[in-house]
Amino acid sequence: MNSHIRIRRYEGPAGGWGSVQSLVQNAVKSRARSYSLAALAQQNKAKGFACVSCAWSKPAKPNPAEFCENGAKATFWELTGRTATPEFFAAHTVAELRTWDDYHLEAVGRLTQPMRYDHLLDIYEPVSWEVAFEEIGRELKAISVDDPKKTIFYASGRASLETSYMYQLLARLYGNNNLPDSSNMCHETTSVALPEVIGQPVGSVRLSDFDHADAIFFFGHNPGSNAPRMLHQLQEAAKRGCVIVTFNPLRERGLERFTNPQSPVEMLTRSETKISHRYYQVRSGGDIAAMTGMCKSLFEREEASGGILDHGFLAEHCHGLDDFRLFCEQQSWDALEAESGLKRADLEEAAAIYAQSKAVMGVYGMGLTQHKHGVSSVQTLVNLLLLRGNIGRPGAGICPVRGHSNVQGQRTVGITEKPHLVPLERLAEMYGFEPPREEGLTTVDACRAIIDGDIRGFVGLGGNFLRAVPETSLMEDAWPRMRLTVQIATKLNRNHLFNGDVAYLLPCLGRIEVDMQASGQQVVTIEDSTACVHASKGRAHPISKHLLSEAKIVAEIAKASLAPNARVPWDEWVADYGKVRDAIEATYPDIFKSFNERMWTPGGFERPLGANVRKWKTDTGKANFKVPKALSASFDTGDQPDVMRLMTLRSNDQFNTTVYGYSDRFRGVEGTRMIVFMNPADIRRFGLAEGRNVTLQTATSDNVPRSLSGLRVVAYDIPAGCCGAYYPECNVLVPLEQHAEGSKVPAGKSVPVRVSADAAGVRLEAAE
Ligand SMILES: Nc1nc2c(c(=O)[nH]1)N[C@H]1C(S)=C(S)[C@@H](COP(=O)(O)OP(=O)(O)OC[C@H]3O[C@@H](n4cnc5c(=O)[nH]c(N)nc54)[C@H](O)[C@@H]3O)O[C@H]1N2
Ligand SMILES: Nc1nc2c(c(=O)[nH]1)N[C@H]1C(S)=C(S)[C@@H](COP(=O)(O)OP(=O)(O)OC[C@H]3O[C@@H](n4cnc5c(=O)[nH]c(N)nc54)[C@H](O)[C@@H]3O)O[C@H]1N2
Ligand SMILES: [Mo]
């Protein structure tokens with residue numbers, strides 16, 4: 001890869017011709033099956049399939065081409081014509097495959113047959129489904145005889161509502177609530193923060209609110225890469241005069257300017273829309289201070305001349321205002337400036353924009369959730385919104401941008417380690433069993449238990465757990481000590497190269513593929529970021545005749561590992577997913593009323609949300625102000641000037657641990673992922689130079705060595721004292737114990753690190 005490294009400033013807008021070029025390159029590179037382009041036309045359509053990339057909402061009246069550059073990449077990636085066949089596995093030992101990087105592992109192509117790992121030969125060998133299920137069932141039973149809590153049932157947020165419902169039931173019938181989800185590394189912070197303050201675990205904004213907002217405040221989310229279809233709503237809003245204000249340490253191009261690649265006029269005239277009117281480069285972890293500064297300014301203006309706060313709303317609907325006001329008054333501007341890295345004048349200006357706007361939305365992503373005080377950050381954003389009654393009316397509200405396409409939905413149908421969030425009584429009644437009541441393991445707890453040797457079995461419904469979690473080294477060492485590891489997957493990834501005594505790789509259909517069962521072709525459903533539930537129907541021919549659907553695999557594992565239970569009709573469910581939807585409706589009647597009929601509603605049917613009608617299901621029955629836990633969202637590293645805050649980031653060419661290529665176009669990085677973005681002053685301060693190879697070392701006092709070498713220094717417009725590098729390469733640096741208070745989301749956005757030049761570090765030519 002090194003020969004193609006190129007670092008230079010990207011001058012174009014997000015979207016635009018660069019996006020079309022990237023799309024074509026990806027179609028060619030992934031050897032997409034001939035159907036792929038036709039498939040794009042069906043993406044996010046009323047009778048089509050739901051994009052397998054992000055969870056952003058689908059409009060009721062979609063564009064002729066309702067997809068984006070990265071959604072299209074995800075489609076091509078799934079519909080690749082390349083395959084990881086038994087012949088491939090026969091030719092490569094697992095030890096050899098461990099030397100491959102994430103890109104090359106997945107680029108082998110789609111898994112085609114169930115495989116079992118042979119320890120003696122160190123290769124995966126093909127196996128029949130019958131043998132696989134029989135042995136997995138036997139092993140799972142053996143673990144449960146000892147202690148069912150020694151098995152983990154992980155889910156990555158892509159599997160449908162139907163499969164997810166079956167999966168949580170499998171875990172609970174098995175005897176535990178060990179249902180960590182990718183959400184535990186992501187928006188669990190939201191799911192913990194929002195119920196306390198507005199009484200629901202999900203955002204309050206619907207897609208139509210984008211037509212009515214006067215101002216949108218954006219914290220720590222990068223829509224240009226991670227939810228590009230959202231740029232359409234942002235562009236429309238900006239054109240309408242809606243003011244967009246961004247807080248982000250990096251100047252992300254998608255938040256600066258956008259050209260809609262699906263608008264011929266915009267493309268031909270090369271016109272672009274300015275997205276953010278104000279762009280504040282807050283320090284990593286500085287959001288609580290920034291928002292507190294804004295609120296302080298609002299209180300000061302209210303005091304001076306009035307007319308700022310929505311007193312009627314505050315009196316009728318809110319609780320805890322006085323304590324929060326006191327907190328704001330007590331913070332000095334010096335402290336707020338130091339912590340946020342922004343000037344008082346900037347924060348007052350942002351507050352003024354907020355105060356002038358009638359309907360304001362707060363949008364956020366991982367920049368808020370992946371910090372020690374992530375929960376507090378989200379709650380402080382809610383405080384800001386509440387001051388002017390910006391929740392529960394058109395154009396206003398809180399908008400967490402979820403990650404995986406069904407990650408929100410998986411929680412809705414019971415994939416959670418927290419039993420109090422699940423209607424256990426109803427499950428008990430419906431299926432005649434005593435569900436486990438004890439808390440299950442979060443992702444962080446699961447990692448700790450695996451490292452400590454307390455876990456015997458791991459079943460992964462999608463995802464790349466080992467690569468996505470913190471503490472890569474300790475985790476890779478500990479993983480093979482498990483007895484049973486089972487991975488349900490579409491593509492080979494690094495997690496599959498670390499195996500328990502008994503290890504299976506089970507290939508499944510992707511969502512874009514036709515899923516035929518006894519009653520005919522099946523559809524599945526998902527819930528998007530704005531709590532709308534949609535149907536999704538596969539269109540492409542399955543890549544291999546040996547693939548089973550995820551629902552079928554879950555059902556077979558259940559049948560093989562659980563005591564017979566005549567009340568759980570696994571086979572009937574697999575024959576007709578409509579019957580699973582009936583069961584979901586029976587379990588959650590308020591949310592899924594008339595599920596089978598309503599799932600085709602254009603744009604999805606709306607899950608009822610109390611906050612939208614100002615009904616607050618909180619302990620006080622009101623919307624609660626919460627006093628921030630600290631001014632800094634990050635871990636305290638004391639006064640150590642040589643310690644920087646590392647943000648682990650996604651490039652424009654990846655979906656989580658799935659690396660599509662080596663182009664981070666908007667940030668001007670081509671040909672490598674081994675870089676570290678640093679402020680020029682820091683580069684000088686540490687005696688480094690652009691192009692120099694460096695080592696990052698985690699600055700903690702727990703005696704666990706964590707370092708990553710060979711990162712090339714890229715001078716970047718990033719606040720001094722902060723640096724940025726890519727996930728998952730940097731996960732080796734993230735300490736497991738540094739996670740968000742309350743939600744246990746790993747604090748991947750402010751890892752304390754020290755930088756040093758590599759011994760063999762050569763200074764490469766600074767490119768162009
Ligand atoms: N193409 C593509 N789409 C995706 C994904 C993908 O990998 N690729 N992943 C999916 C998933 S699972 C998720 S969760 C989402 C993730 O989408 P995002 O939430 O956008 O996640 P990140 O890219 O990790 O980082 C978000 C932004 O936070 C900023 N940031 C970092 N630290 C701070 C901070 O302290 N304060 C503030 N204000 N900003 C900060 C970073 O500069 C970056 O712009 O996207 C989903 N969609
Ligand atoms: N340092 C750091 N760590 C992070 C983050 C960060 O920002 N920084 N982000 C975190 C976040 S937000 C998330 S959500 C997690 C992501 O963690 P995961 O969800 O566990 O990881 P993914 O990379 O999305 O999983 C990719 C794999 O899923 C499988 N797959 C793809 N499609 C399907 C399908 O349809 N069915 C099945 N069964 N399998 C499929 C493929 O085999 C592929 O290799 O990572 C987290 N880790
Ligand atoms: Mo995520």
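Calculation criteria
- Residues numbered from 1 in each chain as written.
- Chains lettered and ligands numbered in written order.
- Predicted model: local features only at pLDDT ≥ 70, side-chain atom pairs only at ≥ 80, totals over all residues.
- Heavy atoms only, no water.
- Helix = DSSP H or I, 4+ residues; strand = E, 2+ residues; numbered from the N terminus.
- Rg over C-alpha atoms; globule rule 2.2 N^0.38 Å.
- Contact = heavy atoms within 4.5 Å.
- Areas by Shrake-Rupley, 256 points an atom, 1.4 Å probe, with all protein chains shown as cover.
- Lys, Arg positive; Asp, Glu negative; His and termini not counted.
- Charge placed at Lys NZ, Arg CZ, Asp CG, Glu CD.
- Core = buried A, V, L, I, M, F, W, Y, C linked by side-chain atoms within 4.5 Å.
- Buried < 20%, exposed > 50% of the residue type's maximum accessible area, 1.4 Å probe, protein only.
- Near = heavy atom within 4 Å.
- Polar contact = N/O pair within 3.5 Å; in protein donor to acceptor, adjacent residues only side chain to side chain.
- Nonpolar A, V, L, I, M, F, W, Y, C, P; charged D, E, K, R; others polar.
- 1 Å grid on protein atoms, 1.4 Å probe; cavity = no way out; pocket = protein on both sides within 12 Å on 5 of 7 lines; lining within 4 Å.
- Points joined across faces, edges and corners; volume = space filled by probe spheres on them.
- Expected span 1.5 Å × (residues − 1).
- pLDDT = per-residue confidence, 0-100.
- Domains from an automatic or database assignment.
- Buried area = accessible area lost by both parts, 1.4 Å probe.
- Salt bridge = Lys/Arg side-chain N within 4 Å of Asp/Glu carboxyl O.
- Axes fitted to C-alpha atoms, helices over the stretch in contact; angles between N-to-C directions.
- Left-handed = near helix turned anticlockwise from the far one by under 90°.

A few points about the overall build of the protein
- For the protein, the helix and strand inventory stands at 29 helices and 34 strands.
- The C-alpha atoms of the protein give a radius of gyration of 25 Å, which matches the 27 Å a tight globule of 768 residues would have.
- With the C-alpha coordinates aligned to their principal axes, the bounding extent of the protein is approximately 75 × 65 × 55 Å.
- The long-range share in the protein, meaning contacts at least 24 apart out of those at least 6 apart in sequence, stands at 80%.
- Looking at the protein as shown, the accessible area adds up to about 26500 Å², and 51% of this sits on carbon and sulfur atoms.
- Averaged over its 85 positive side-chain charges, the protein has a centre that lies 4 Å from the centre of its 89 negative ones.

As for the nonpolar core
- One finds Tyr165, Tyr167, Leu506, Ile557, Trp570, Trp573 and Phe592 to be the most contacted residues of the largest nonpolar core, which totals 61 residues.
- Per-element tally for this core: the top contributor is helix H8 (residues 161-174), with eight residues.
- Every residue in contact with Trp573, bar those within four places of it in the chain, is listed here: Tyr165, Met166, Leu169, Tyr431, Val568, Lys579, Val580 and Ala583.
- With 55 residues, the next largest nonpolar core counts Phe299, Cys328, Tyr354 and Leu631 among its residues.

Quick word on the site of ligand 2
- The immediate surroundings of ligand 2 are formed by 31 residues, with Glu106, Tyr154, Glu550, Thr657 and Tyr727 found nearest.
- In the model, an oxygen atom of ligand 2 is placed 3.2 Å from a nitrogen or oxygen of the Gln370 side chain.
- Between ligand 2 and the protein, one listed contact pairs an oxygen atom with a side-chain N or O atom of Lys749 at 3.2 Å.
- Within the complex, the protein chains bury 96% of what would otherwise be the 930 Å² of accessible surface of ligand 2.
- Broken down by secondary-structure element, the contributors of at least two residues to the shell around ligand 2 are helix H23 (465-468) and strand S17 (484-489).
- Tallied by class, residues from the shell around ligand 2 come to 11 nonpolar, 14 polar and six charged.

Let's talk about the side chain of Arg673
- Inspection of the secondary structure puts Arg673 in the loop between strand S29 (669-670) and strand S30 (675-678).
- We classify Arg673 as buried; its relative accessible area is 4%.
- Within the structure, Arg673 has its side chain in polar contact with the side chain of Ser651 (distance 3.4 Å).
- Other than its neighbours up to four places away in sequence, Arg673 contacts Ser651, Gln654, Val659, Gly661, Tyr662, Tyr726, Tyr727, Pro728 and Glu729.

Some details on the site of ligand 1
- Of all residues adjacent to ligand 1, which total 30 residues, the nearest are Glu252, Gly285, Asp287, Gln654 and Asn656.
- Between ligand 1 and Asn70 there is a distance of 3.3 Å, counted from a nitrogen atom to a side-chain nitrogen or oxygen.
- A distance of 2.5 Å separates an oxygen atom of ligand 1 from a polar atom in the side chain of Glu252.
- In isolation ligand 1 exposes 920 Å². Once the protein is present, 99% of that is buried.
- Elements with a contribution of two residues or more to the shell around ligand 1: helix H10 (223-226), helix H18 (366-369), strand S25 (644-649) and strand S26 (654-655).

Brief notes about empty space enclosed by the protein
- One pass over the structure, following the stated rule, counts three cavities of 30 Å³ or more.
- Approximately 130 Å³ is the volume found for the second largest cavity.
- What lines the second largest cavity is a set of 18 residues, and nearest its centre among them are Asn44, Lys45, Ala46, His534 and Ala535.
- Looking at side-chain class alone, the lining of the second largest cavity contains 10 nonpolar, six polar and two charged residues.

Here we look at helix H13 (residues 287-305)
- End to end, H13 covers 27 Å across 19 residues, agreeing with the expected 27 Å (1.5 Å per residue, within 8%).
- H13 sits mainly inside the fold: 14 of its 19 residues count as buried.

Looking at the confidence of the model for the protein
- Scored by pLDDT, the protein has a mean of 93; 97% of the residues are at 70 or more.
- Across residues 763-768, where pLDDT falls below 50, the model places 13 contacts with residues more than four positions away in sequence or in other chains.

As for the environment of Leu321
- Inspection of the secondary structure assignment puts Leu321 in helix H15 (residues 321-330).
- For Leu321, a relative accessible area of 15% corresponds to the buried category.
- Along the backbone, Leu321 and Ala623 are 302 residues apart, and their C-alpha atoms lie at a distance of 10.0 Å.
- Look past the residues within four positions of Leu321 in its chain and what remains in contact with it is Phe299, Leu314, Leu387 and Phe625.

Some details on the domain arrangement of the protein
- When the domains of the protein are assigned, the result is domain 1 (6-78), domain 2 (83-186 + 407-508 + 542-563), domain 3 (189-405) and domain 4 (644-757).
- Once you take the C-alpha centre of each, domain 1 and domain 3 turn out to be 28 Å apart.
- Between domain 1 and domain 3, a total of about 2200 Å² is buried, with carbon and sulfur atoms accounting for 56% of that surface.
- For the domain 1 face of the interface with domain 3, the top three residues by lost area are Ala14, Trp17 and Trp56, together amounting to 33%.
- Here domain 1 is connected to domain 3 by zero salt bridges.
- Breaking the side of domain 1 that touches domain 3 down by element, the ones donating at least two residues are strand S2 (14-15) and helix H1 (16-29).
- A total of four residues in the side of domain 1 that touches domain 3 trace back to one element, the largest contributor, which is H1.
- Among the residues making up the side of domain 1 that touches domain 3, the classes are represented as 14 nonpolar, nine polar and four charged.

Examining helix H25 (residues 550-561)
- Helix length check: H25 (12 residues) gives 16 Å between terminal C-alpha atoms against 16 Å at 1.5 Å per residue, within 8%.
- The element H25 is largely enclosed, with a buried count of 10 among its 12 residues.
- Burial in H25 covers these residues: Glu550, Ala551, Ile553, Val554, Ala555, Glu556, Ile557, Ala558, Ala560 and Ser561.

A word on the pattern of salt bridges
- For the coordinates displayed, the defined rule picks out 42 salt bridges.
- Here Glu348 makes a salt bridge to Arg344, at a shortest N to O gap of 2.9 Å. Residue Glu348 and its partner Arg344 are both found in helix H17 (residues 344-356); the two are separated by four residues, about one turn of the helix.
- Of the residues examined, Glu348 reaches a relative accessible area of 27% and is grouped as partly exposed.
- A relative accessible area of 34% places Arg344 in the partly exposed class.
- Salt-bridge contacts for Glu434 lead to Arg437; the nearest nitrogen and oxygen are separated by 3.0 Å.

So, the side chain of His221
- Summarising the element assignment, His221 is placed in the loop between strand S8 (215-219) and H10.
- A relative accessible area of 8% means that His221 is categorised as buried.
- The contact partners of His221, leaving out residues within four places of it in the chain, are Asn226, Ala227, Asn248, Leu255, Tyr364, Gly365 and Val401.

Thoughts on the packing of H13 against helix H16 (residues 333-340)
- Between H13 and H16, whose axes approach to 8 Å, the crossing angle comes to 145 degrees. Where H13 crosses over H16, the two elements pack in a sense that is left-handed. Seen from H13, the contacting residues are Ala289, Ala290, Thr292, Gly293, Lys296, Ser297 and Glu300; seen from H16, they are Trp333, Leu336, Glu339 and Ser340.
- Here the residues of the contact of H13 with H16 sort into four nonpolar, four polar and three charged.

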